[in-house]
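# Overview (structure and organization)
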Amino acid sequence: MKAINYDKRSLGPLLALAAVMLLASVLRFYGLEIQSLRFDELATWRYARMSPSGILEATGRAGMDPHPPGYYLFIHYWMQLAGNAEWALRLPSAVAGVLSVLVTFLLGRRLYSAREGLIAALLMTVLWGPIFYSQEAREYSFLLLAAALSGYFWFGIVKELEESERVSPWESAGYVLSAVAACYVHYIGAYLILLQGLWTVCVFVARPRMLLRPLALYGLILLAYLPWAASFYWRLTNVGGTLRYIDAPGWSDVPGYLKFLFNGAGEEQAAIWPPNNVEPLVLAVVLALYGFLLFRGFYDSPGIGEGLFRRETLLSPSFVLGLWLVVPFAGLFLLSLVWMPLLMFRVTVIALPAAYLLIARAIVLLPFRPVVQNGLALVGAGLLLAQLLFALDYYTEPHKEQAREVTRFVVHNKPPHSLIVYSGALGGDFVYYFERYGIRFQQEPRLELLRRRGQRPREKVALVRRKLKSGDYDYVLYMRVRPLRPRVGYLKPLFRSGELEVVKKKRFVKADGYVFKVGKDVR
């Protein structure tokens, strides 16, 4: 696995990298407060404000959150330094996103040359997925960074074992730390490290003496993860109902995966994604470049059967990157079909470095002069950036559920003697925005109607009726986030019976706000 290195005395690659990093920083740090915190981000705030022991309990065997505690613990201490404003909650993800661009360049330079690294880093800079999760107060930008770092150090370890049968302490420490971080950030991170370990065994199983060194590293990773291993096993075997919101995948998710990697909509954006006729063209170009790279791989091999199973092929950067792109998704897809739904596009951010490096390699192998190849890469990146800014209206239109806006509507239309009722899907905490707009529930009447296991809509309606009869309320302020359709939700029976009358209503992106007047017969 020989790396092609550029002339270190040349300032060209460094200046190009500086320009890419500057653009990546602008696209990620700009507008961190434009969008409302969406439902999952409010859940981040709710868990991160707990004590460290509370976070461990909420994410452990008895907790309802299906993620490891690493990200919540980090945000817990970060909030003590920076506060809990929207920009502060999202800033760590933006920093991790910028670092992911840098690591992608370093990985491309290690595997091929600085040109592939720069092209892949440019794709990571301008595409929607890496930018979106870099502006999200969730763990996915950290998962992307940990995946890229683990890949960088894994390739370094394999190269050193092949060339000298030794592993440097720097590469070993880097891999162990990035792998442990991936495991504690998200369970899919542990899944990726497991796949890397399995491929390491497959490659070196015929050389037991060389295999002992990487096995020792995986022993250290397992030892560091041992405190959380029981919770991980419980999640795999019991789940506790926390993953019921994941739908079983269909075969349409196969092309959907590539669309997601290259400016297509994820689960959270599918319902509000603007009309986008560019997606099929982008997908066609991506498939053409992947096909060309596959053709070149077979063409350069001495024979399909002989070339595919040669050790040089199994360790070649393009072959391993291809596995990195395909195997994690394919494994999650098959497990979701035969066991239980696990596949969400957002967790496939672990494959972004591989996806973009393969495109970069295909561009560099095109039968054109380097200046033409570079020009094609720049034009393609410019078109993808234009798609992000103008076709997708990324910075000018709301693309997250407007919890902030619907809360402001409810608060600004709050008459005296009002009961506040709100509902949503599977968690979140609207207290964040209520407190921002001056509502302190210790002094205000409140009824919370979040979805809970075993609580049926009629039971929630009965709760509202009892609350109205027990208090002197003239109005009900009702807000919903993530409504499946424009309707009054669980209060519909009260609306139909005349117990509540709509005074004002407003629709937002994936949110509704209502002001109801309470009927005289109810009070």
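A count of helices and strands for the protein chain gives 22 helices and five strands. Counting the 523 residues in the protein chain, one finds 54% classified as buried. Sequence-distant contacts, at least 24 apart, represent 78% of the contacts inside the protein chain between residues at least 6 apart. About 23600 Å² of surface is accessible on the protein chain, with carbon and sulfur atoms providing 63% of the total.

Turning our eyes to something else, we now look at the side chain of S36. Position of S36 relative to the elements: it lies in the loop between helix 1 (12-29) and helix 2 (39-48). Assessed through its relative accessible area of 3%, S36 is described here as buried. Among the polar contacts made by the side chain of S36, one reaches the side chain of Y433 at a distance of 3.5 Å. Leave out the neighbours within four places in its chain, and S36 touches E41, E86, R90, K400, E401, Q402, A403, R404, E405 and Y433.

Further remarks concern the pattern of salt bridges. Taken as a whole and assessed by the stated rule, the structure comprises 16 salt bridges. Across the salt bridge formed by D40 and R38, the nearest N and O atoms sit 3.3 Å from each other. By the burial criterion, D40 is buried, and R38 matches it.

A word on the packing of helix 4 (residues 70-82) against helix 5 (residues 86-111). Packed helix pairs are characterised by how far apart their axes lie and by the angle those axes make with each other. The N-to-C vectors of helix 4 and helix 5 enclose an angle of 125°; their axes lie 10 Å apart at closest approach. Classed by the angle they form, the pair helix 4 and helix 5 counts as oblique. Where helix 4 crosses over helix 5, the two elements pack in a sense that is right-handed. Touching Y71, F74, I75, W78, M79 and A82 of helix 4 are A88, L89, L91, P92 and S93, all from helix 5. Tallied by class, the residues present in the contact of helix 4 with helix 5 amount to ten nonpolar, one polar and no charged.

For the rest of this paragraph, the subject is the nonpolar core. Grouped together as the largest cluster of nonpolar side chains are 149 residues, with contacts concentrated most on F262 and F434. At 15 residues, the largest contribution of residues to this core is made by helix 8 (residues 140-164). Counting residues in each nonpolar core, the second largest holds 15 residues, with L419, V464, V476 and Y478 among its members.

Once that is clear, we can look at the packing of helix 1 against helix 5. Axis separation between helix 1 and helix 5 bottoms out at 9 Å; the angle between their running directions is 155°. In terms of their interaxial angle, helix 1 and helix 5 are classed as roughly antiparallel. The chirality of how helix 1 crosses helix 5 is right-handed. From helix 1, L17, V20, M21, A24, S25, R28 and F29 reach across to helix 5, where they touch L91, A94, V95, G97, V98, V101, L102 and F105. Residues belonging to the contact of helix 1 with helix 5 are distributed by class as follows: twelve nonpolar, two polar and one charged.

Turning next to unusual backbone geometry. Its identity is not glycine, yet E165 carries a phi of approximately 60°, on the positive side. As for its placement among the helices and strands, E165 is situated in the loop between helix 8 and helix 9 (169-185). A residue is classified by how much of its surface remains accessible, and E165, at 29% relative accessible area, is partly exposed. A positive phi angle, close to 55°, is found at K510, a residue other than glycine. Of note, K510 is situated in the loop between strand 4 (500-508) and strand 5 (511-518).

This part is about helix 16 (residues 317-338). Between its terminal C-alpha atoms helix 16 stretches 31 Å, which fits the 32 Å expected from 22 residues at 1.5 Å a residue. Buried within helix 16 we find P317, V320, L321, W324, L325, P328, F329, L332, F333 and S336.

To continue, consider the pairing of strand 5. Among the eight residues in strand 5, seven count as buried, and that is most of the element. In this sheet, strand 5 lies alongside strand 3 (residues 475-481) in antiparallel orientation, the contact comprising seven bridges. Note on strand 5: the bridge partner recorded for V476 is F516. Direction of pairing for strand 4 relative to strand 5: antiparallel, over a ladder of eight bridges. Along strand 5, the bridge assignment pairs R507 with D512.

Below, the discussion takes up the packing of aromatic side chains. The tally for this structure, following the rule as stated, stands at 32 aromatic pairs. Both rings, one in Y152 and one in F153, keep their centres 5.2 Å apart while their planes meet at 80°; by these two values the pair is edge-to-face. For F153, a relative accessible area of 7% puts it in the buried group. Ring centres 5.9 Å apart and planes at 75° place the aromatic pair Y225 and F232 in the edge-to-face group. When the ring centre of Y47 is taken as reference, the NZ or CZ atom of R46 above it lies at 5.0 Å.

Position of Y47 relative to the elements: it lies in helix 2. Separated by 29 residues in sequence, Y47 and H76 have C-alpha atoms that sit 8.1 Å apart.

Another point: the environment of Y432. Here Y432 is to be found in helix 20 (residues 431-436). When its relative accessible area of 6% is taken as the criterion, Y432 is described as buried. As a C-alpha pair, Y432 and R404 span 28 residues in sequence and 9.0 Å in three-dimensional space. Each residue touching Y432, except ones within four places of it in the same chain, is listed here: L37, L42, W45, N84, A85, E86 and L89. Among the polar contacts listed, one links the side chain of Y432 to the backbone nitrogen of E86, at a separation of 3.3 Å.

Let us look at a nonpolar patch on the surface. Together, L236, W251, V254, L334, L335, L337, V338 and W339 line one region of the surface with nonpolar side chains, adding up to about 810 Å² of accessible area. Here the nonpolar patch gets four residues from one element, more than from any other, and that element is helix 16.

Parameters at a glance
- Residues numbered from 1 in each chain as written.
- Predicted model: local features only at pLDDT ≥ 70, side-chain atom pairs only at ≥ 80, totals over all residues.
- Heavy atoms only, no water.
- Helix = DSSP H or I, 4+ residues; strand = E, 2+ residues; numbered from the N terminus.
- Buried < 20%, exposed > 50% of the residue type's maximum accessible area, 1.4 Å probe, protein only.
- Contact = heavy atoms within 4.5 Å.
- Areas by Shrake-Rupley, 256 points an atom, 1.4 Å probe, with all protein chains shown as cover.
- Polar contact = N/O pair within 3.5 Å; in protein donor to acceptor, adjacent residues only side chain to side chain.
- Salt bridge = Lys/Arg side-chain N within 4 Å of Asp/Glu carboxyl O.
- Axes fitted to C-alpha atoms, helices over the stretch in contact; angles between N-to-C directions.
- Parallel < 35°, antiparallel > 145°, perpendicular 65-115°, else oblique.
- Left-handed = near helix turned anticlockwise from the far one by under 90°.
- Nonpolar A, V, L, I, M, F, W, Y, C, P; charged D, E, K, R; others polar.
- Core = buried A, V, L, I, M, F, W, Y, C linked by side-chain atoms within 4.5 Å.
- Expected span 1.5 Å × (residues − 1).
- Pairing = 2+ DSSP bridges.
- Phe/Tyr/Trp six-rings, centres within 6.5 Å; stacked < 30°, edge-to-face > 60°.
- Lys NZ or Arg CZ within 6 Å of the ring centre and 35° of its normal.
- Patch = residues over 30% accessible without salt bridge, like charges linked within 9 Å, V, L, I, M, F, W, Y side chains within 5 Å.

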